[in-house]
Amino acid sequence: IESAFASFYVDEGYAAVKVHAVRTGNPVMAGEAIDVPFSVSIEQGQLYKLGAIHLPSGELLTMAEINKAAGVVSNAVEKQSVKGGVALRTALLYITGQYKSKGYMDCVVTPLPQYDNTNGIVNYTLEVQPGQVYTMGKLTIENGADDLRAAMLAAWKMPAGAIFNASAIQTYYSSQGNSALGRTFASANCKYTLTTNPDTHTVDVTLRVEKRP
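Our subject in this report is the structure included herewith. All values reported here derive from a predicted model rather than from experimental measurement. (Residues numbered from 1 in each chain as written. Predicted model: local features only at pLDDT ≥ 70, side-chain atom pairs only at ≥ 80, totals over all residues. Heavy atoms only, no water.)

1. Details of the sheet that holds strand β5 (residues 49-54)
Put simply, the rule is: Following DSSP output, two strands are said to pair if at least two bridges run between them. Strands here mean DSSP runs of E at least two residues long; helices mean DSSP runs of H or I at least four residues long; both are numbered from the N terminus. What counts as an axis is a line fitted to C-alpha atoms, over the stretch in contact for a helix, and the angles between N-to-C directions run from 0 to 180 degrees.
Within the open sheet, the three strands sit side by side as β5-β7-β6. Their pairing is mixed. The sheet is open, and its two edges are formed by β5 and β6 (108-116), each paired on a single side. This sheet shows a mean twist of 30 degrees between the axes of neighbouring strands, independent of strand direction. Here nine bridges tie β6 to strand β7 (residues 121-129), and the two strands are oriented antiparallel to one another. Of the residues in β7, the one forming a bridge with Q114 is N123.

2. Focus: the pattern of salt bridges
Using the following cut-off: Within this document, salt bridges are pairs made up of a side-chain nitrogen of Lys or Arg and a carboxyl oxygen of Asp or Glu, the two lying within 4 Å of each other.
A full pass over the atoms with the stated rule returns four salt bridges. The shortest N-O distance in the salt bridge between R89 and D11 comes to 2.4 Å. Of this pair, R89 sits in helix α3 (residues 83-100) while D11 sits in helix α1 (residues 2-11), and the two are 78 residues apart along the sequence. Overlapping salt bridges bring together K191, R208 and E210 as one network.

3. Some thoughts on the sheet that holds strand β8 (residues 135-141)
Inclusion rule: A contact between two residues is defined here by any heavy atoms of the two lying within 4.5 Å.
Taken in spatial order, the three strands line up as β8-β10-β9 in an open sheet, and their pairing is mixed. The strands lining the two open edges of the sheet, one partner per strand, are β8 and β9 (188-197). On average, each strand axis in the sheet is tilted by 25 degrees relative to the strand beside it, whichever way the strands run. In this sheet, strand β10 (residues 202-211) lies alongside β8 in parallel orientation, the contact comprising five bridges. Across the sheet, the residue bridging to L139 is V205, located in β10. Helix α4 (residues 146-155) rests against β8 and β10 of the sheet, and its axis sits at about 165 degrees to β8.

4. Section: the packing of aromatic side chains
Describing an aromatic ring pair means giving the distance of the ring centres and the angle of the ring planes. The criterion, for reference: Centre distance within 6.5 Å is the pairing criterion for rings of Phe, Tyr and Trp, where only the six-membered ring of Trp is used; planes under 30 degrees apart are then read as stacked, over 60 as edge-to-face, and the remainder as tilted. For each residue, the accessible area found with a 1.4 Å probe, counting protein chains only, is set against the maximum for its type, and the residue is called buried under 20%, exposed over 50%, and partly exposed in between.
The tally for this structure, following the rule as stated, stands at eight aromatic pairs. Ring geometry for Y172 against F185: centres 5.7 Å apart, planes inclined by 55 degrees, an arrangement best described as tilted. With Y172 in helix α5 (residues 168-174) and F185 in helix α6 (residues 180-186), this residue pair connects regions lying 13 residues apart in the sequence. Y172 sits in the buried class, given a relative accessible area of 4%. Linked through ring pairs, W156, Y172, Y173 and F185 together constitute an aromatic cluster.

5. Details of unusual backbone geometry
Although it is not a glycine, H201 adopts a positive phi angle of roughly 55 degrees. Within the fold, H201 resides in the loop between β9 and β10.

Structure, rendered in structure tokens:
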């Protein structure tokens, strides 16, 4: 509850918001659900504009790469502070995705804010905990037709033991061109499931292609 309210206020530019949720009574049966009453207090604080987003020294990404790929530009939201939280979240998602494309499936990126109360600007330094590198594990293709399953298996380019690239799945489905397999993908719902194995640091992939209604 606190995270949901805080996220909303940060998106609106209240980067230093304080939210406190307290249960105010016992759970109550209501039909098929159990209602739990809460009281939420909010100190929205000062309205901030997004300043700069600083990456840790020596990490995988540069600010220029974030700007180019995610459309996040430092000091570009002075006229609309409401965009600050959204821009920060976009940057975090992009950075996490980049680490996962290099096998860091447990990557956690934490923004550490620095507030300039005089000018109403919040800058962020990003703390990255990449975790262990994961490799490709088992590939499973769930389609029943033998010819389609064989074609999908032949087109797969990430062998077992290779550093796992989380972004490769979408590329796999979209890069088959005008081949028979590409036309099948274009006319179907292409889905996948990833199963991470923390003990072995491997990722098992399940692919399936479903007919569109």
